[in-house]
Amino acid sequence: MAIRSARGARPGVRRGLTVGTFALVVLFGATGTGLAVPPPPPNPSDSDLNSSKAAANEKAGEVGRLTNQLAQAEGKLSSLQDDLELKQEQANKALVDLQTAQDAATQAEQDAQSARTQADTAAAAIEKAREDLKKFAAASFEQGSTIGSISAYLTAQSPQDLLARAQLLDSIGGSRLNALDRLQQAQTDKSNKDSAARKALDVAQQKQAAARQAKSGADAAQSAAVEAQQAQAAQNTQLEANKSSVEQQLYAAQSKVNGLQGQRQRYQDWVAQKQREDEERARQAALAASHSGGGNDGPSGGSRPSPAAGSSIEAVIARALAQVGLPYAWGGGNASGPTRGIRDGGVADMYGDYRKIGFDCSGLMIYAFAGVQSLSHYSGYQYTSGRRVPLSQMRRGDMLFYGGPGGIHHVALYLGGGQMVEAPQSGSYVRVTSVRYGGIMPYATRLIG
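Residues numbered from 1 in each chain as written. Predicted model: local features only at pLDDT ≥ 70, side-chain atom pairs only at ≥ 80, totals over all residues. Heavy atoms only, no water.

A. Spatial organisation of the environment of Ser191. Note on placement: Ser191 falls in helix 4 (residues 159–271). Assessed through its relative accessible area of 33%, Ser191 is described here as partly exposed. Sequence separation between Ser191 and Gln118 is 73 residues; the distance between their C-alpha atoms is 8.4 Å. (Helix = DSSP H or I, 4+ residues; strand = E, 2+ residues; numbered from the N terminus. Buried < 20%, exposed > 50% of the residue type's maximum accessible area, 1.4 Å probe, protein only.)

B. Here's a closer look at the packing of aromatic side chains. Within the structure shown, the criterion is met by three aromatic pairs. Look at Phe359 and Tyr367: their rings are 5.8 Å apart centre to centre, the planes differ by 50 degrees, and that puts the pair in the tilted class. Look at Phe359 and you get buried, because its relative accessible area is 0%. Since its relative accessible area comes to 14%, Tyr367 is described here as buried. A cation sits over an aromatic face here: Arg319 above Tyr367, 3.9 Å from the ring centre. Across from the ring centre of Tyr402, 5.2 Å away, lies the NZ or CZ of Arg436, which sits over that ring. (Phe/Tyr/Trp six-rings, centres within 6.5 Å; stacked < 30°, edge-to-face > 60°. Lys NZ or Arg CZ within 6 Å of the ring centre and 35° of its normal.)

C. Focus on empty space enclosed by the protein. In total, this model carries one cavity of 30 Å³ or more according to the counting rule given. Reported here for the largest cavity is a volume of approximately 100 Å³. Considering the residues around the largest cavity, the lining is formed by 15 residues, among which Glu85, Gln88, Tyr328, Pro424 and Gln425 are closest to the centre. Going through the elements one at a time, helix 2 (46–143) and strand 5 (407–416) are the ones with two or more residues in the lining of the largest cavity. Here the lining of the largest cavity takes five residues from helix 2, the largest share from any one element. For the lining of the largest cavity, the class distribution of residues is seven nonpolar, six polar and two charged. (1 Å grid on protein atoms, 1.4 Å probe; cavity = no way out; pocket = protein on both sides within 12 Å on 5 of 7 lines; lining within 4 Å. Points joined across faces, edges and corners; volume = space filled by probe spheres on them. Nonpolar A, V, L, I, M, F, W, Y, C, P; charged D, E, K, R; others polar.)

Spelled out as structure tokens, the structure:
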């Protein structure tokens, strides 16, 4: 190193000698011939400098205005993105509610069909009993008695036997009438059940129609939110392009200023004595040397206390962390793992979520807590699925929610130490990130402990 440094210093010495010699030649002439001083570099006028500075300041002001506009637009886009996420979750809710209503209507239809079949069977049994009774009465009329057949009397062995057979045949006729009464009562009961089942079916179908209408409204609101978000994103893109263009113009204007100022500086340097340049270089070298030292300060901070978490909490967190890196897919995820996303008619479709296998935010929670509790595929229902605790008391394994007056639009799983795992949004992946407190709900939801 010492040899290399010595060699590296020699060219500098030669340059210093050359410049000094050149300065002497310029100032005092060479070999007595009186060489002329080189012509001065261009010296821009004050008017040129002021004009270029004014142009640069104008462009800087325009960049500032566009920066402010872009900041406002980005804030609006962020708000629209939150609203879109809310609408997507509300569409999720409407989808869950519609499926529940459809299942109830299907069950009610099956119950009504069963009740109708039982009522029809009872009616057929009554009709057969009536036919049998008619035949019995007709046979009795033809024989001139109520016993149904004269042979019962002809074969009697004694008056007592004859009386017993008459009572028996009379009892048979009465039992037929009693059986008919019982069948008629059974028909009445089954008809009542049929009526109740039909009424339940009507109610279920009404709820299904209401759920279908709610889903249609949620889909329409989501589509409107998608249009607003896309329009704002397009406006942001245009603002960004305008800002970039003006920044290029500012750069050109500043370059012009720098160029004119450089010319002025070179002219002034030409006027100054050359030895002052050498002195200034030496002074700058000394100044640089004085600033070359420094220390390394290690990071400060105390260790975070380990959260008291049971095996169930750790199992939930392990299931969630095992999904890190999987794609976000709107509508994706169930208790068994990642599933194919569904169409939303907007942002999710634009990112092709319906072709991806992955999770959305609430789907990730369904999978994580599958061994503990069954959760609905809607973050709003998940928010009320357990005990709510203030954020100041949140601990590892709690669910954190984001939303506002309009409802919940996002959920994540708290890991402790200011970290959480989440499925953020279309185009992204399941990730571990720092807890965001903007838009966070005041309570965490605890399902374990």
